[in-house]
Each structure stands twice: as structure tokens, then as C-alpha cells.
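Given next are the chains, with one letter for each unit.
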Amino acid sequence: MPAPGPDPLDRPDPLDGSDPLDGSDPLDRSGPRGRPDPLDPAGRPRRPRRPGRSLGAAHPTVLALGGYALTRVIGLAVLAIAATATGKDGLHRLKGRWDSVWYVRIAENGYGHETTLANGDVHSDLAFFPLFPALERGLSAVLPVDAATAGLVLSWTAGLAAAWGIHKCGEYAFGARAGVLLAVLWGVYPTAFVQSMAYTETLFTALAAWSLYAVLRGRWILAGVLCAAAGLTRPTAAALIAALGITALVLLVRDRRLPWRTVLGVLIAPLGWLGYIVYVGVRQGSATAYFEVQAAWGNSIDGGVALARFIAGLPWPAALGLCAALALLGWLVALCVRQGQPLPLLVYTIGVVFVSLVGAAYFGSRPRLMMPAFGLLLPPAVALARLRTRTGLPVLAGLAVASAVYGAFTLLGSGPP
């Protein structure tokens, strides 16, 4: 079979350089030309896609960030209208309820607060990782805002950083148009309203996306540092740690060597996550203290038993619908594999989905827990990229409005679990 010819849409990339997977600096122009050699899920080198010239005069990054920001503006506008109509405080729902309250308390007073529920369960603030409240405290110290408002500033800023990193990952793998659409689709995810709250999802996703992009570009030390920061943000960082470790292992098997930069990046990656686990263990005097704290919140790992029991307890039509939704999720994961996504992104995506399903957390929180797995949106992003703009825009507009309406309904109702 003849080798594929050059893509007529390819254009020179000033960042091209030597193969980043050997640990070298991709900005070193003394090496061979061409994009880095990412790995497909089978561990084979594959031809990368380059950004195309099908987006007009606007820069792809501008389109990605502008499109993402527009989705969040639509969400906030619908929330404001619904809050006014119902006489409720929409802003308070974004920064002053649910987990946001715990983060603010940690930012203002440090760790040490516990709440005992009516059934005797004890909820400790040690269940919440420290980076987000630490940044809230720092922002409130330098800006004329309280910690709760600082949380909103942090979340909204991190949302833009996440959209940028998501766009870069999508662009690297499947071209500029797919990268733009991937960022916008993340902004219309069904639970995207959480991206406008003082929650950790946007900060974690930003760190994860840029860590993955750093791996794709061969910046293993930077990838490890960003992964360590993600490990101080959410326990889901275990999926990101696995992505870096498995990618390095595949490289070792393929190349029979592992450059020191790669080794160092992999060693740095788990330090944030492990550091906080050790901190809780030392503070509580038990090596398993963190997991005990999570279990008290109902977030223990049970291999999916709680999910199975939840489905079994539903009326059969609801149970059938939920099984269909889980089958759709499985099909989407299969599409990600068939699509040939870069190995670190694929492992990360599957890891986040797996962690979200095997825990005993309330079922309603699982879609929110999966939101950082932006790789799930790459198959629809690539499909939309094949459509004409006049066809794709109404689709995105409809998704944005639907996501905004659902978000306002949820926030002004029972709210995030």
C-alpha cells in the first residue's frame, strides 16, 4: 500500500522540531523537521494531523476561546433570566452553596472543620484537595474581593485556560477545526453549568489538558509538574498520573530506552496526589485516613456495586433508559479507541470515566465527575468538523441553549449533588 501523500492543507509549524517523545526539546530546531511522533492506542507511531486552513482569517485559538466564552455567557444569561423570574439569587448559587462553601471555609480558616449529619455520618473538610482553596485565599488577599468571589474569578479564568488546552490537544490530534469545535463542545456539555461555579472542575481540566499537551509536545518535566498540581486539585488526577505512566511504559517497550526527562516527569507526576494523601494520613494518624474520610462522604471505591444497586432499584423504564445511556457511553469510549486518539489522551479519558463509574458516589454526580474527560467529545468534534459552518453553527447554538436551560433548572432547583 503506497504511503499517503502530503496533506495539501498542511502548513509549516514554527514549533516543529525533534521528536518530543525522546525527551528532547521540541523547540530545538537543530533536529529533524516535522511534528512530534505521537503514539496511537496500539503503541505504533502514526502520522499526525496538522491544523488546516479552513477556518478563515480568524486564528483558531481566538475562535476556540471566543466560542467557549460565548457558551458560558449564554449559560449565565439564561440563569439570570430564570433567577429573576423565580425570585432566586443565581449568583449565590454559583459561589455560595454546596461544595463552594467548603472551599471558602478552608480558604479562610484552613482545615479542621467537620459536620455531623442526622444519621451520624461525619463529613470532614479533608475530603477536599487544597490547591483551589489556597488560590482562593491568595486571590482574596491581592484583590478587593472575598474568598467566595475569588473562587468565581478563579473558576472562570481556569475555564478559559481549560478551553485553550483542550483546543490545543484537539488541534494536535485532528486539526484546527476539530480543536476549535472540541473546546466549544466542552462548553455545552450537559453539566457545563458547573464550569461557571466556584468549583474545581475547570482548574483541574486546565491542568490536565495542558499536562497532556505537554506530553504530546515532549515536555515531560512540564507535564509532570502540571500533573502534580492537578493532583492537589482533585482525586481524579489518578487518571492523569496513569496516562503519563502508561505512555512512558509504552515508549520504553517501543524504543528500549527512556530519556531522563521522561523519567523525571513521570516521577514528579504523582507527588501532588500522594503528598495530600500522606498529609491527611499524618494529620489523622492513619495511613488510610484519606480513604476513610471519602468513605464517610459516601465516595468509596466499590467497583460499581453502588451503581448496579441504584439501577436495580429504579422502575424498569428508568432502569432501561439508564442502561441505554451507559451503553451509549461505552460506544463513545469505543469510538475514541477506533479514532486513534494519542495514547496519553486516550488513557486519561478512559481513566476518568472508569474512576467516575466505580465509586459509590451519588449517581447524579457522575456526569459532572466525567466532565474533565474531554476526549469523549473528540468523535463528535471531528464529525462536526466535516460539516459546513452554516450547518454546524445551528447545532452548536441549539446545544448551548439546551445546556444553559438545563443548568439554570438544576442550579435553581435541587442543585449539584
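Presented here is an overview of the structure given in this document. (Residues numbered from 1 in each chain as written. Predicted model: local features only at pLDDT ≥ 70, side-chain atom pairs only at ≥ 80, totals over all residues. Heavy atoms only, no water.)

With respect to the overall build of the protein
Operational definition: Helix and strand definitions follow DSSP, with helices as H or I runs of at least four residues and strands as E runs of at least two, each counted in order from the N terminus. The buried label goes to any residue with under 20% of its type's maximum accessible area, the exposed label to any with over 50%, and the partly exposed label to all in between, with areas taken from a 1.4 Å probe on protein chains only. The criterion used for residue contact is that any of the two residues' heavy atoms lie within 4.5 Å. A 1.4 Å probe and the Shrake-Rupley method give the accessible areas. Residues count as covered only by the protein chains that appear here.
Per the secondary structure count, the protein includes 18 helices and two strands. In the protein, which comprises 417 residues, the share counted as buried stands at 51%. The long-range share in the protein, meaning contacts at least 24 apart out of those at least 6 apart in sequence, stands at 74%. Summing over all exposed atoms, the protein offers an accessible surface of approximately 18600 Å²; the carbon and sulfur share of this is 68%.

Considerations on unusual backbone geometry
Phi is positive for Trp98, which is not a glycine, with a value near 55°. Positionally, Trp98 belongs in the loop between helix H2 (90-95) and helix H3 (99-109). Despite not being glycine, Arg256 shows a phi value in the positive range, around 60°. By the element assignment, Arg256 lies in the loop between helix H9 (237-255) and helix H10 (260-268).

Considering the side chain of Arg72
Heads up, the condition is: Only four residue types enter the tally: Lys and Arg on the positive side, Asp and Glu on the negative side; His and the chain ends are excluded. Just to be clear on terms, a salt bridge is a Lys or Arg side-chain nitrogen sitting within 4 Å of an Asp or Glu carboxyl oxygen.
Mapped onto the elements, Arg72 comes out in helix H1 (residues 60-86). Buried charge without a partner: Arg72 forms no salt bridge, and the closest opposite charge is Glu201, 12 Å away. When near neighbours in sequence (up to four residues on either side) are disregarded, Arg72 contacts Gly187, Ala192, Phe193, Gln195 and Ser196.

Details of a nonpolar patch on the surface
Keep this limit in mind: Residues enter patches when they are more than 30% accessible in relative terms and free of salt bridges; like-charged ones are connected within 9 Å and nonpolar ones (Val, Leu, Ile, Met, Phe, Trp, Tyr) within 5 Å.
The grouping of Val142, Leu143 and Val153 at the surface amounts to a nonpolar patch, some 240 Å² of accessible area in total. For Val142, the position within the fold is in helix H4 (residues 131-142).

Considerations on the packing of H4 against helix H5 (residues 147-174)
Here is the rule: Under this scheme, a helix contributes an axis fitted over its contacting stretch, all axes are lines through C-alpha atoms, and angles between N-to-C directions fall in the 0 to 180 degree range. Should an angle fall under 35 degrees it is taken as roughly parallel, and over 145 as roughly antiparallel, whereas 65 to 115 is taken as roughly perpendicular and any remaining angle as oblique. We call a crossing left-handed when the near helix sits turned anticlockwise from the far one by less than a right angle, and right-handed when that turn is clockwise. Three classes are used: nonpolar for Ala, Val, Leu, Ile, Met, Phe, Trp, Tyr, Cys and Pro, charged for Asp, Glu, Lys and Arg, and polar for all others, with Gly counted as polar.
One way to put it is that H4 packs onto H5 with a least axis distance of 8 Å and a crossing angle of 110°. With respect to H5, the element H4 is oriented roughly perpendicular. The way H4 lies across H5 gives a crossing that is right-handed. Contacts between H4 and H5 involve Phe132, Leu135, Glu136, Leu139 and Ser140 on the former and, on the latter, Ala147, Ala150, Gly151 and Leu154. Considering only residue class, the contact of H4 with H5 consists of six nonpolar, two polar and one charged.

Here's the deal with the pattern of salt bridges
Applying the stated criterion across every chain yields a total of four salt bridges. Here Arg368 and Glu201 are joined by a salt bridge, their closest N and O atoms 2.8 Å apart. A residue pair is termed long-range when its members are at least 10 positions apart, and Arg368 in helix H16 (residues 366-370) and Glu201 in helix H7 (residues 201-216) qualify at 167 residues. Taken together, the shared-partner salt bridges in this structure form one network comprising Glu201, Arg234 and Arg368.

Re the side chain of Thr71
The cut-off we apply is this: Contacts described as polar in this section are N or O atom pairs within 3.5 Å, which, within protein, must combine one atom able to donate a hydrogen with one able to accept it, while residues neighboring in sequence count only if both atoms come from side chains.
Residue placement: Thr71 occurs in helix H1. Looking at Thr71, the relative accessible area reads 6%, which means it is buried. Within the structure, Thr71 has its side chain in polar contact with the backbone oxygen of Tyr68 (distance 2.5 Å). Among residues more than four places away in sequence, those in contact with Thr71 are Val184, Gly187 and Val188.

Quick word on the nonpolar core
Convention followed: As used here, the term nonpolar core means buried Ala, Val, Leu, Ile, Met, Phe, Trp, Tyr and Cys residues forming a set that is joined through side-chain atoms within 4.5 Å.
One finds Trp186, Met197, Leu212, Leu240, Leu244, Tyr348 and Phe374 to be the most contacted residues of the largest nonpolar core, which totals 100 residues. Tallying contributions element by element places H7 first for this core, with 11 residues. Beyond its immediate sequence surroundings of up to four residues, Trp186 is in contact with Tyr68, Gly159, Ala162, Ile166, Ala192, Gln195, Thr202, Thr205, Met371, Phe374 and Leu377.

Structural notes on the packing of aromatic side chains
Put simply, the rule reads: Two rings from Phe, Tyr or Trp (for Trp, the six-membered ring) form a pair when their centres sit within 6.5 Å of each other. Planes less than 30 degrees apart are called stacked, planes more than 60 degrees apart edge-to-face, and all others tilted. Comment: the charge-over-ring label is applied if NZ (Lys) or CZ (Arg) is within 6 Å of the ring centre and within 35 degrees of the ring normal.
Applying the stated criterion across every chain yields a total of 18 aromatic pairs. Their ring planes at 45° and their centres at 4.7 Å tell us that Phe129 and Tyr276 sit as a pair that is tilted. A residue pair is termed long-range when its members are at least 10 positions apart, and Phe129 in the loop between strand E2 (122-124) and H4 and Tyr276 in helix H11 (residues 271-284) qualify at 147 residues. Given a relative accessible area of 1%, Phe129 falls into the buried group. Between Tyr290 and Phe291 the ring centres are 5.5 Å apart and the planes differ by 75°, which places this aromatic pair in the edge-to-face class. On the basis of relative accessible area, Phe291 is assigned to the partly exposed category, the value being 45%. Among the aromatic residues, those joined into a ring-pair cluster are Tyr111, Phe129, Tyr276, Tyr279, Tyr290 and Phe291. Looking at Arg105, its charged tip hangs above the ring of Trp102, at a distance of 5.3 Å from the centre.

Everything listed here is a matter of geometry and, on its own, says nothing about what the molecule does.
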